[in-house]
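# Remarks on the overall topology
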Amino acid sequence: MRKFGTHRVSRRGLLGGAAAAGAVPVLHELIPHQALHGGTSPAAAAAVGHHAHAAHAGTDHLGAVGRVAASANGFDPTEILRDFDRGTLRDGVREWEIVAEDREIEVAPGVKYAAWTYNGRVPGPTLRAREGERLRVRFVNGSSHPHTMHFHGIHRDVMDGVPGIGAGNIQPGRSTTYEFDATPFGLHLYHCHSTPLAEHIAKGLYGAFVIDPADGRHDADELVMVMNGFDTNFDRANEVYAVNTVAFHYMNEPIRVKRGELVRIYLVNALEFDLLNSFHIHANFFDYFPTGTRLEPRDFTDTVIQGQGERGILELRFPYAGKYMFHAHVSEFAELGWMGFFEVED
Ligand SMILES: [Cu+2]
């Protein structure tokens, strides 16, 4: 078990403290490193004090103060929601080129993170294919570290993107091509499988991988939500939690959907260092299709738990216009960035 108590102080101090101070914090200033190992430094105590103050001051501070500009990162969580990369279909083969790059991103206002990315974004592009297609992924490693692309799905060992088998680790400046069939249909993911594995994933090398059934699914407003987190001080615990990388993004910019329209959410848990993540919707229920590999829902519920690497498809309609919250029902994650709103319009 993680030593929860000491981490809890520093992690909880981050955004609550920021809200109370009305300032844009830099994480390392707010949380001295020794505080993570059981120390009770004045700064850590101050952060806790701020948090306590914020908690009792009312309900106006439901997130960090300020915003992360999309232009700072080069990608926008609102656009990521509906951005499906179908690659190029050539001679019956669906092809992509994916480039690993090192890039600094801003995961909460003023909190910079030295990420490793696929195609410059975290999460990487949502790759989308149809069941039974042949897929060809050219992977170019433009990063300064060895990486791979490991796809979930059914394929030969040499195409599995793990060190020591097939092309194995792809060294900086080198490339390889993964080729396999799109099966089974469902919602999968891909991620780097170089070691140390948790770090390579946590740095940002993951993305959603959608394989549509041969006959497709019903028309819907489709949204991709990759639940992730960021260990900004390298203590193997996350200080920031989010959907599609930027903490509280959908609080600042609610997801606009239409009343009565079918909404389909592709929900992927890419979180490292925490065993579980969850998704909870307010004032509504959804059908849940674990891994999206069956066409009948398993559950009709308002909360779903996912372990590491787990994913599933949610389908719902909003019967009333208005603003509806969604968040991790792991309350600590919600307070550290993993919460947002749907804005339902007539
Ligand atoms: Cu890697």
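Residues numbered from 1 in each chain as written. Predicted model: local features only at pLDDT ≥ 70, side-chain atom pairs only at ≥ 80, totals over all residues.

## Focus on the sheet that holds strand β16 (residues 286-290)
Strands sit in the order β12-β11-β14-β19-β16-β17 across an open sheet of six strands; the sheet is mixed. Lying at the two open borders of the sheet, with one neighbouring strand each, are β12 (240-243) and β17 (299-301). Looking at each pair of strands side by side, their axes are set apart by 25° on average, direction ignored. Pairing between β16 and strand β19 (residues 311-316): four bridges, direction antiparallel. (Pairing = 2+ DSSP bridges. Helix = DSSP H or I, 4+ residues; strand = E, 2+ residues; numbered from the N terminus. Axes fitted to C-alpha atoms, helices over the stretch in contact; angles between N-to-C directions.)

## Some points on the sheet that holds strand β1 (residues 84-85)
If you trace the five strands from one edge of the open sheet to the other, you get β1-β5-β10-β9-β7, paired in mixed fashion. A strand with exactly one partner marks an edge of an open sheet, and here the two such strands are β1 and β7 (150-151). Sheet topology note: the strand β9 (residues 186-191)/strand β10 (residues 206-212) ladder contains six bridges and is antiparallel. Bridge pairing links Tyr190 to Gly207 in β10.

## Examining the environment of Tyr266
Note that Tyr266 resides in strand β14 (residues 263-269). Expressed as a C-alpha distance, the spacing of Tyr266 and Phe209, which sit 57 residues apart in the sequence, is 9.5 Å. Beyond its immediate stretch of four places on either side in the chain, Tyr266 contacts Leu187, Ala208, Val210, Glu222, Leu223, Val224, Met225 and Ile313. (Contact = placed C-beta atoms within 7 Å.)

## Examining the confidence of the model for the protein
Confidence in the prediction of the protein, expressed as mean pLDDT, is 86, and 81% of residues score 70 or more. The model gives residues 1-9 a pLDDT under 50, and that stretch makes ten contacts with residues more than four places away or in other chains. Note that residues 16-61 has pLDDT below 50 and, in this model, 76 contacts with residues that lie over four places away or in other chains. (pLDDT = per-residue confidence, 0-100.)

## What about unusual backbone geometry?
The peptide bond linking Val122 to Pro123 adopts the cis configuration, its omega dihedral lying at -5°. The omega torsion across Thr183 and Pro184 is -5°, close enough to zero to call that bond cis. Along the chain, Pro184 falls in the loop between β8 (175-181) and β9. Unlike most non-glycine residues, Phe273 shows phi in positive territory, near 75°. Tracing the sequence through the fold places Phe273 in the loop between β14 and β15 (276-281). In this structure, Ala283 is a non-glycine residue whose phi angle is positive, near 60°. With respect to the helices and strands, the residue Ala283 is situated in the loop between β15 and β16. On the basis of neighbour count, Ala283 is assigned to the partly exposed category, with 14 C-beta atoms found within 10 Å. (Buried ≥ 20, exposed ≤ 12 C-beta atoms within 10 Å, placed from the backbone.)

## Re the environment of Phe286
Within the secondary structure, Phe286 sits in strand β16. Residue Phe286 is classed as buried on the basis of its 24 C-beta neighbours within 10 Å. Sequence spacing of Phe286 and Leu316 is 30 residues, and the spatial spacing of their C-alpha atoms is 4.7 Å. For Phe286, the contacting residues outside a window of four places in its chain are Ile281, Thr301, Leu314, Glu315 and Leu316.

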